[in-house]
Amino acid sequence: FKTVADPQRSPDGKWVAYISVAESRPQLWVQFLNGGVPANLTRDSDIPVSNRTIVGGIDISPDGSAIGLAGRPRASGVWSVPGVWTIPAPLGGPARLVTDRFASIRWSPDGRLFAAVLANPLVGDAIVVSGTDGQDERIIVPAGGGTHLHQVAWSPDGQYLYYAQSLEPNHTVGEIYRARVAGGSPERIVRTSGVAIHPAPTPDGTAVVYAGDHNGEGLNIWWHPLDGTPERRLTAGAGEYT
């Protein structure tokens, strides 16, 4: 039995990157969709790969040339700092530590910026935008009230950042918000008394797909139109779809 986490499709649709355990530790893999043996891109690396995708996991650059990878938290003062690396894609190569401040990264649609989570269990998480070198941070959603902010996703036009918000760290409850990159107060998109996580805006910008558990049946995939029309469930039965 092999557990996989956080699959990400390449922009050209030819391969998928994901996290899976090998040799007793999580590692980064690439599988080409036309077949072949999966490639382990971190076998010879000392990157402390994380198999927890609560904050954000991995991402692929818009041109498909690099994979962003979050590491396991390492003790740094009063809280843990994960660190983010980039690895050449799809065949691997020397890893580059981008920053030890971010808990995850998401490339902007034009590839010029990162959206990132700054994790801080003392005051809460923040969401920032920076250059792809990790410099010139700009706060989009400030930390406050112990709120946890996870799984950032850009809108296709680059104007919004979607994210899951919760008052507890493991997101057994949560809702989905979005914030304008240009500034302004965040807007709640999915309201629920259950779980709404892993937002994914559709390419046409008319809806957001997310993983939700509204009534204790387990996580299913939901289609949530942004025009106010009713959402619908895309998967059926008990499960843990993310």
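Residues numbered from 1 in each chain as written. Predicted model: local features only at pLDDT ≥ 70, side-chain atom pairs only at ≥ 80, totals over all residues. Heavy atoms only, no water.

A. Focus on the overall build of the chain. Check the secondary structure of the chain and you find 0 helices and 23 strands. A total of 242 residues make up the chain; the buried ones form 50% of that total. A sequence separation of at least 24 residues applies to 29% of the contacts in the chain between residues at least 6 apart. Total accessible area on the chain stands at roughly 11,900 Å², and carbon and sulfur atoms take up 52% of it. (Helix = DSSP H or I, 4+ residues; strand = E, 2+ residues; numbered from the N terminus. Buried < 20%, exposed > 50% of the residue type's maximum accessible area, 1.4 Å probe, protein only. Contact = heavy atoms within 4.5 Å. Areas by Shrake-Rupley, 256 points an atom, 1.4 Å probe, with all protein chains shown as cover.)

B. The arrangement of the sheet that holds strand E9 (residues 84-88) in detail. With antiparallel pairing, 4 strands are arranged side by side in an open sheet as E5-E6-E9-E10. The sheet is open, and its two edges are formed by strand E5 (58-60) and strand E10 (96-99), each paired on a single side. Direction aside, neighbouring strands of the sheet carry axes that sit 25 degrees apart on average. Across 3 bridges, the pairing between E9 and E10 is antiparallel. Across the sheet, residue Thr-86 finds its bridge partner in E10, namely Arg-96. (Pairing = 2+ DSSP bridges. Axes fitted to C-alpha atoms, helices over the stretch in contact; angles between N-to-C directions.)

C. Examining the pairing of strand E12 (residues 113-118) more closely. Of all 6 residues in E12, 5 are buried; the element is thus mostly enclosed. Pairing of strand E11 (residues 104-107) with E12, which is carried by 4 bridges, proceeds in the antiparallel orientation. Across the sheet, residue Ser-104 finds its bridge partner in E12, namely Val-117. Between E11 and the antiparallel strand that follows it, E12, lie 5 residues; Gly-111 among them carries a positive phi value of about 75 degrees.

D. Representation of the side chain of Thr-86. Considering the arrangement of structural elements, one finds Thr-86 in strand E9. Under the relative-accessibility criterion, Thr-86 is labelled buried at 8%. The contacts of Thr-86, once residues within four sequence positions are left out, are Ile-67, Gly-68, Pro-94, Ala-95, Arg-96, Val-98, Ile-105 and Trp-107.

E. Broad picture of the nonpolar core. Counting residues in hydrophobic clusters, the biggest one holds 16 residues, and the most contacted among them are Trp-15, Ala-17, Ile-19, Leu-28, Ile-58, Ile-67 and Leu-69. Listed by contribution, the elements that provide at least two residues to this core are strand E2 (15-22), strand E3 (25-32), E5, strand E6 (66-70) and E9. The leading source of residues in this core is E2, at 3 residues. If you look at the next biggest cluster of nonpolar residues, it comprises 15 residues, including Val-117, Leu-161, Tyr-177 and Ala-179. (Core = buried A, V, L, I, M, F, W, Y, C linked by side-chain atoms within 4.5 Å.)

F. The arrangement of the confidence of the model for the chain in detail. Summing up the model confidence of the chain, the mean pLDDT is 88 and the portion of residues at 70 or higher is 90%. Here residues 75-79 is a poorly scored stretch, pLDDT under 50, and it has 8 contacts once near neighbours within four places are set aside; other chains count. (pLDDT = per-residue confidence, 0-100.)

G. Spatial organisation of the environment of Ile-140. Mapped onto the fold, Ile-140 is located in strand E14 (residues 138-141). Along the sequence, Ile-140 and Val-129 sit 11 residues apart, while their C-alpha atoms lie 6.8 Å from each other. The contacts of Ile-140, once residues within four sequence positions are left out, are Ile-127, Val-128, Val-129, Leu-161, Ala-179, Arg-180 and Val-181.

H. Seen up close, the pattern of salt bridges. For the structure on display, the rule yields 4 salt bridges. Close ionic contact of Glu-217 with Arg-233 constitutes a salt bridge, the shortest N to O distance being 2.7 Å. Linking Glu-217 in the loop between strand E20 (207-213) and strand E21 (218-225) with Arg-233 in strand E22 (residues 232-233), this pair joins segments that are 16 residues apart in sequence. (Salt bridge = Lys/Arg side-chain N within 4 Å of Asp/Glu carboxyl O.)

I. Quick peek at the pairing of strand E18 (residues 187-190). Pairing of strand E17 (residues 175-180) with E18, which is carried by 3 bridges, proceeds in the antiparallel orientation. Within E18, the position partnered with Arg-178 by the bridge is Glu-187.

J. Structural detail: the sheet that holds E2. The strand order across the open sheet built from 4 strands is E1-E2-E3-E4, with neighbouring strands paired in antiparallel fashion. Each of the sheet's edge strands pairs with one partner strand only, and the pair in question is strand E1 (4-9) and strand E4 (39-40). Of the strand pairs in this sheet, E2 and E3 are connected by 8 bridges, and their pairing is antiparallel. By the bridge assignment, Ile-19 is partnered in E3 with Leu-28.

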